[in-house]
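Architecture and fold: a report
Below, each chain spelled out in residue letters.
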Amino acid sequence: MSRRMLIVIGIAFMIAVGGHLPATMAAAPSKPITITWWINPWRIAPPGFPDDKAPTAEDFPKWASEEFMRLNPGVTVKYEVVTNTGFDQKIAAAILAGNPPDVLRPIGFKREWARQGLLEPIDDYLTAEDKQDFYQYALDVGRVGGRYYLFPWNNSNNGMGSTLLINPAIFKERGVGIPAPPERGWTVDEFMQVAQKLTFDRDGDGKTDVYALSFPAKELLVMMGWMHVFGARLFNADQTEVVLNSPEGVRALQFVVDAIYKYKVAPEGAAGMGIYDSINMFHQGKTAMGYGGPYEIGRIDRYVKDGQLKEAFPVHITQYPHLAEIGPIAHHTSGGFVVFKQRDAEKKKVVMDFARFLTSKDNMTLLKSLLYVTARKSVNKDLYKGSTFEKEVDVYTRALDYGIPYFGTDITTDPIDKHLQAMFEAALGRTKTPKQALDDFAREANKILFKK
Amino acid sequence: MRRLYKDRWGYAFIAPSFALFAVFFLIPVVWGGYLSLLDYQVFNREWVGLQNYREILHDSIFWLSLRNTALYTLGIVPLWLGKALIISALIFPLAKPIQTFFKGAFYLPHVTSSVIISMVWLWIFNPPFGLLNYIMELLGFAPHAWLGDVRTALLSIILMQVVMGGGSSIVLITAAMGSIPYHLYEAAYLDGATKTQAFFKVTIPLLRPTILYLLVTGTISSFQVFTNVYLMTQGGPQFSTMTLVYLIYDTAFKQFRFGLASAQAVVLFAIVFALAIVQFRFLGQEVEY
Amino acid sequence: MLTSLQAGVAPGPAPGRAGIKKVRAGDAIAIAIVAALAVMSLMPLYWMVVTAFKQPTLVMKMPPEWLPKPLSLANFRDLLARQLLGRWTLNSAIVATAVTGAQLFVASLAGYAFAKKEFAGRNVLFWLYVGSMMIPGQVTLIPRYILMSKLRFINTYWGLILPSIAAPFGVFLMKQFMQTLPGEIIDAGKIDGASEFGIYTRLVLPLSKPALAVLGIFTFVSEWNDFLWPLVITNSSQMRTLQVGLAMLQEEVPMAFGLLMAGATYAAIPITIVFLIFQRYFLTGLTVGALKG
C-alpha cells in the first residue's frame, strides 16, 4: 500500500474520529504527547524579558514551549530554531524522510504541501471570531482549494516592497520637506524632484557622496514594489500567464533605469546589489532613503547595540511614490504556522491547540518587540498606542491597506524567481533594454510555469 | 575454494576499505545513473527515461553554465600554470632558505579554505567600502561593482583565484626542476645557450610531464568550482557565474529535482571524463606508468 | 598516468647550484618580482587580519587604514559570544580527526594487500579504485545524499564522516608506497612466526611512516576545509562544521565585515598552525609527488 493511500485512510479515519470529539477539551491527554515545533529565528522578547538585554532567537520559542507545557500537563513541546539558510532544504529532507515537525513556521507558505496532502486544514479550528479578526488577506495566504492551512501570525514582513525609509537629517540638510502625514504619500514626479535634490557632492571633490536611494536588483520584493507603482502585475487576472512585460512594466523598469543612469539619483552597480548592500548604504549615510517598515527601524538600534553601527539616527517611514491615476500601492502578505498531517486524533487536537496558542491575541502582541504588526485587527488597534513608534507604525499600516500580494495567490513562483532576478539585473546593468529584459523573462517564465 | 582460503588475508585486509568504497562510491555511481532516468522529487518518483536529458538539452541555463565553466577553466588553468612557471623559474636558482620562504608564502593561501578566501574577497570587492575600489580610485579609475556586473563577475572570480592560487604547482614544478640533471644545462651552456634559451630548450621540455599533469588536475578541479560561486555570486548576475556544479546544487538542493540534477551530474562526468582521456592520451606518451 | 612515488619521496629538490654565494643582480630582480607577487597573494589574508582587529564602527571608514588603530578585540568578542562557534569548531575537529584516523587505518590495510598480497581479482579491484578517482564527487553527491536520508544519517556525524573515509585516493597512495617496501622484510617477519596482522602493525606500518604522514596531513587539511558535503548533509545549526557555519554567518550578517573577518581569521588559525608545523611535507614536493595520479 502506498504511503499516500495510508495518508488518505488516515485522514478519513481522523475526520471520522475528530468529528465526534467535543469542541473544547481541557482535560489532560490520556497519554504523554510530544509536539515538535520548528521556527526560523525570531528575536522576540518573551513576557518579563529584561529591557537592557537583547533577546536571542531561542528566547521566544523556549518561553512559548514552556508556557504551553505549563498550561497543558502531560504535553511536551520540543522546539527547534532552524536557520534561514538551508531552511527549505531541512524541511524537504524531513519530508523526504517522512518525519516533518508537527508545527512549522514556513518561510513562505508552500501551496504544494497542502496540495500533496501533507498539511492539516485548519478551518475547523478557526472560530467565527477568528475569521473576523484575522485580515482576510492574511488568511488567504494559506488558502488552497477553498480551505485554510495557515494560522496567520505576522502581518506582512519587514516592510520590503511595502514602504520606504527616509533619513530626515539628510532631508533637512538639503532643505527638502518630508511628505505629509498621516499617509506620507507622494507622486512619482514629486519623488523624483526630491530625489535629485537629495543626491549631492558633500565635500566638493566632484564625486557624489550621497545618493537619494539605491536599487537592489537582487531583492525581488523591493523591485516588484517599483513595478507595481506603475501598475505592472506579474500575472494576468486569472493567473494563467506571466504579463510583467506589459507597457506598464516597461515604463516602470525604464523609470528605475533612468533614475540610475539619467537622473543619477542612485548608484550604478545596482545589478550586483542585494538588500543588505542597500541597508548598509542607508545606515552609513550614503543614501537618504532605504527600504522597509518599522522592523527596519528596529534593525538600526540592534546594530548599534551590536557595535556595528556607531550611533542610532531617527528614521521616518513613507509610502512608495504613486501615480495619480493608480494611487498608492504596497505589498502585503502574512506569515504563520502550519500543522503537518497528524495520525493520532488526540495529538492532533493538542497540536492545533498549540498553533492557536501561538496565534492567540495575547501571544501575538509579543511581535511588538520586533516592531512587527500582527495578522489580527483587534491586536493592531492599540498595539503601538503611546509608543515612540506610533506614528511610523501608523504610516506603515495605512500603506498596508493599499496592499496587494505581488506574486499571485495560486501559483508557486519559486521556479521563476531566479529568472525574475536575472531580468532586473539585466535591465539595471543595462545589458538589455527594459523591454528586452521583460520580454525575455516573460517568455522564459511562461515556459516554466505554464508550459507555453 | 582453496584459492579463496589461500587468498583470505588479502580479502580480509581489503574488506573494510572495499565495503565503504562500494557503499559510498560504486553503488552511488550506478544509482546516480539510474536516478537520472527518473523524475525524482520530494513528492514524486516516476520513470521518465531520457526526459531529463532532453530537458537539459533545451535548458538555456545549462548551456550557459557549461559555457561559464569552460571559460572559467580556460581562464584559470593557463594563468595558474604561467604564474607557477614564472615564479618557479625565478626562485629555483635562489638559495634554499629564500626559496623555501617563498614557497611557503605562496602555499599559505592554498591551504586556506575556499570559504575563507571567498569571504575575504567579498569584502575586498565590496563596491562602496572595499579595498579594491579604494585602490582603483587612488589610481584614478572609477569604482566598479566587480561582482555585480555581468561583464566582470566571472572575470573577478578568475582573477581572485589566480592571485591566490598556484602554491602547490610551484612546489611541484620546483621539485621537478630539481630532478633535472645539471649536466644537461652544462651541455646547453657549452653550446652557447643563454639562460633564457636554456630555460626554454632544457627546462620546459623536461618539465612537460609535470606541466601536463598540472593541466589535467587543474582542468578537473576547475570544472568542479562551487564554493566561490555559492558564497560570492550565487550564479549571478544574470547567470554569468552559474557553473555546472552550482547548477547541480541549485537543481538538487534548492528545487529538489534530484532526477534532473543527477542527469546534469552525469553530463558533467561525461565531459570531465572525455577531457581527462584526451589529456591522458597526451600525457601517456611522456610518462611511464 | 602515475609517476612513481619514489621520485616524490626522494629528498626535496636539489638546491640551486650551490650553498652560500653572494646575491647577484639577477637574483635581486628575481627576488623583487617574486616578492611583489607574494605580497599580492598574501595581501588579502593580511587585510582579513587587519579588518578583524579594527573597531567594528571603523571597519568601513574611508579611506581605509592599513593598520588597526586603535587595536580592538571587539570583533573577536562578538564572535566568541556566538554560542555555536565552539560547537562548529568541535564538529570540524571531530570530523577531520575521525576521517583522518579511519582513512589511515583502512587505506593502509587495503594498500598493503594491493601491494604485497596475491589474491584473485586484485588488479580488477585496484583499477576500480583508480578509475573512481576520476569521477567528480558531484556525480555521487545526490545518490549519496538520498542513501544517507534512507539510512537516517542526515545531520549526523556518521553522515559527515563515513563517505569521506571511503575516498579511494588513500588506498592508491598507500599501495604505491608499499610497493617500494622490500619483500624480504615481510618474509623475515613470516619466518619469525608473526601473524599476518602482526606483520602489518609491527613491520609494514612503521616502514610506511612517510606515506602515512602525507596521507594524514592532506586528509586532515582537506576535511577541515571541505564545504559542499557538510553543507548538504547537515541541516541544524548544531551539526554544521566550521566552514559551513562561517558561510551561514556570511549570509546572516553579510555587512558585518569586522565580525566576518574575525571569523575567517579564527577558522584560518588551526590550518595555518598545521601548515607551519608540517611545512616540509607541504613544501618539499614530497606530498605533491605523492598526489600525482
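Residues numbered from 1 in each chain as written. Chains lettered and ligands numbered in written order. Predicted model: local features only at pLDDT ≥ 70, side-chain atom pairs only at ≥ 80, totals over all residues.

**Side note on the overall build of chain A**
What counts is decided by this rule: Only DSSP runs of H or I reaching four residues or more are called helices, and only runs of E reaching two or more are called strands; each is numbered from the N terminus. Our radius of gyration is a C-alpha quantity, and the globule rule it is checked against amounts to 2.2 Å times the number of residues to the power 0.38. In this scheme every C-beta is placed from the backbone, and a residue whose C-beta has 20 or more other C-beta atoms within 10 Å is buried, one with 12 or fewer is exposed, and one in between is partly exposed.
When its secondary structure is counted, chain A shows 18 helices and 13 strands. Here the C-alpha radius of gyration of chain A, 23 Å, is about what a compact globule of 452 residues would show, namely 22 Å. For the C-alpha atoms alone, the extent of chain A along its principal axes is close to 75 × 55 × 35 Å. In chain A, which comprises 452 residues, the share counted as buried stands at 46%.

**What to know about the overall build of chain B**
Stated precisely, the cut-off is as follows: By definition, residue pairs are in contact when their C-beta atoms, positioned from the backbone, come within 7 Å.
A tally of regular secondary structure across chain B gives 14 helices and 2 strands. In terms of overall size, chain B is more extended than a compact globule, its C-alpha atoms giving a radius of gyration of 24 Å where 289 residues would be expected to give roughly 19 Å. Each of the three principal axes of chain B carries a C-alpha extent, and together these read 75 × 70 × 30 Å. Looking at chain B alone, contacts between residues at least 24 apart form 69% of all its contacts between residues at least 6 apart.

**Comments concerning the interface of chain C and chain A**
Put simply, the rule reads: Each residue gets one label: Ala, Val, Leu, Ile, Met, Phe, Trp, Tyr, Cys and Pro are nonpolar, Asp, Glu, Lys and Arg are charged, and the others, such as Gly, are polar.
Listed per partner, the contact involves 16 residues of chain C and 16 residues of chain A. Put simply, the parts of the chain that give the side of chain C that touches chain A at least two residues each are α3 (74-81) and α13 (242-252) of chain C. Taken together, the residues of the side of chain C that touches chain A break down into 8 nonpolar, 5 polar and 3 charged.

**Details of the interface of chain C and chain B**
The interface is formed by 86 residues belonging to chain C together with 83 residues belonging to chain B. Ranked by the residues each element gives to the side of chain C that touches chain B, the list is headed by helix α2 (residues 25-52) of chain C, at 15 residues. Among the residues forming the side of chain C that touches chain B, the class breakdown is 63 nonpolar, 15 polar and 8 charged.

**Observations concerning the sheet that holds strand β2 (residues 75-81) of chain A**
All names here are of chain A. We count it as follows: Pairing between two strands requires that DSSP report at least two bridges joining them.
Taken in spatial order, the 6 strands make up an open sheet running β2-β1-β3-β11-β6-β12, and their pairing is mixed. Bordering the open sheet on either side are β2 and β12 (373-374), each of which pairs with just one other strand. When strand β6 (residues 151-155) meets strand β11 (residues 334-339), the two strands line up antiparallel, connected through 4 bridges. Its bridge partner being in β11, F151 is matched across the sheet by F337.

**Some details on the environment of B:W80**
Residues and elements named next belong to chain B. For W80, the location among the structural elements is in helix α4 (residues 60-91). For the pair W80 and G218, spaced 138 residues apart in sequence, the C-alpha separation works out to 8.6 Å. Non-local contacts of W80, meaning those with residues more than four positions away in its chain, are made with V162, G165, G166, S169 and G218.

**Focus on the nonpolar core**
Rules: Only buried residues count toward a nonpolar core: Ala, Val, Leu, Ile, Met, Phe, Trp, Tyr and Cys, linked into one set through C-beta atoms within 7 Å.
B:M119 and C:A264 are the most contacted members of the largest nonpolar core, which totals 301 residues. By residue number, the principal contributor to this core is helix α4 (residues 85-116) of chain C, which donates 13 residues. Sequence-distant contacts of B:M119, defined by excluding residues within four places in its chain, comprise B:L231, C:L246, C:Q250, C:L260 and C:A264.

**Topic: the environment of C:L203**
Residues and elements named next belong to chain C. For L203, the location among the structural elements is in helix α10 (residues 196-207). Through-space distance from the C-alpha of L203 to that of A188 is 9.8 Å; in sequence the pair is 15 residues apart. Once you skip the residues sitting within four places of it in the chain, L203 turns out to touch I185, I186 and G189.

**Notes on the sheet that holds strand β7 (residues 163-166) of chain A**
All names here are of chain A. Where we set the bar: Between N-to-C directions, angles cover 0 to 180 degrees, with each direction set by a line fitted to C-alpha atoms, over the stretch in contact for helices.
Reading across from one edge, β8-β7-β9 is the order of the 3 strands in this open sheet, with antiparallel pairing throughout. The open sheet is flanked by β8 (289-291) and β9 (316-319), the only strands paired with a single partner. Going across the sheet, the axis of each strand differs from the next one's by a mean of 40°, ignoring polarity. Note that β7 and β9 share 4 bridges and pair antiparallel. From the neighbouring strand, T163 faces β9, where its bridge partner is Q319.

**Remarks on the packing of α3(C) against helix α14 (residues 257-277) of chain C**
Residue and element names in this part refer to chain C. Put simply, the rule is: Any angle between 65 and 115 degrees counts as roughly perpendicular, while under 35 counts as roughly parallel, over 145 as roughly antiparallel, and the rest as oblique.
In the contact formed by α3 and α14, the axes pass within 8 Å of each other and the chain directions differ by 75°. Viewed along their axes, α3 and α14 adopt a mutual orientation that is roughly perpendicular. Each of N75, F76, D78 and L79 in α3 lies in contact with α14, whose residues at this interface are G258, L259, A262, G263 and Y266. When its residues are assigned to classes, the contact of α3 with α14 shows 5 nonpolar, 3 polar and 1 charged.

**Examining α10(C)**
All names here are of chain C. Cut-off, in case you're wondering: Take the residue count of a helix, subtract one, and multiply by 1.5 Å to get its expected span. What the arc measures is the spread of directions leading from the helix axis to the C-beta atoms.
For α10, with 12 residues, the first-to-last C-alpha span of 16 Å sits near the 16 Å given by 1.5 Å per residue. Considered for burial, the residues of α10 that qualify are I199, Y200 and V204. On an axial view of α10, the arc spanned by its buried residues comes to 95°, and they lie on one face. Where α10 is buried, its residues meet α4, α8 (169-178) and α9 (183-191).

**What to know about the packing of α4(B) against helix α9 (residues 167-178) of chain B**
Residue and element names in this part refer to chain B. Rules: Crossings are sorted by hand: turned counterclockwise from the far helix by less than a right angle, the near helix makes the crossing left-handed, and turned clockwise it makes it right-handed.
Packing of α4 against α9 brings their axes to within 9 Å, and their N-to-C directions diverge by 50°. Considering their axes alone, α4 and α9 lie oblique with respect to each other. Two packed elements cross with a definite hand, and for α4 against α9 that hand is right-handed. Across the interface between the two elements, W80, L81, A84, L85, I87, S88 and I91 from α4 touch S169, I170, I173, T174 and M177 from α9.

**Notes on the confidence of the model for chain B**
What counts, and what does not: The pLDDT value expresses, per residue, how confident the predictor is, ranging between 0 and 100.
Averaged over every residue, the pLDDT of chain B is 89; residues scoring 70 or more account for 96%. Summarising per-element confidence for chain B, the mean pLDDT is lowest in helix α1 (residues 2-6) of chain B (70) and highest in helix α6 (residues 114-125) of chain B (96).

**A look at unusual backbone geometry**
Note the cis peptide between A:P181 and A:P182, where omega equals 5°. Considering the arrangement of structural elements, one finds A:P182 in the loop between α7 (168-173) and α8 (188-198). Residues C:K69 and C:P70 are joined by a peptide bond in cis, for which omega reads -5°. Here C:P70 lies in the loop between α2 and α3. The phi torsion at A:L371 lies on the positive side, around 60°, for a residue other than glycine. With respect to the secondary-structure elements, A:L371 resides in the loop between α14 (361-364) and β12. In this structure A:L371 comes out as buried when scored by C-beta crowding, with 22 C-beta atoms within 10 Å. Located in the positive-phi region is C:N155, a residue other than glycine, with phi close to 65°. Considering the arrangement of structural elements, one finds C:N155 in the loop between α6 (137-150) and α7 (157-165).

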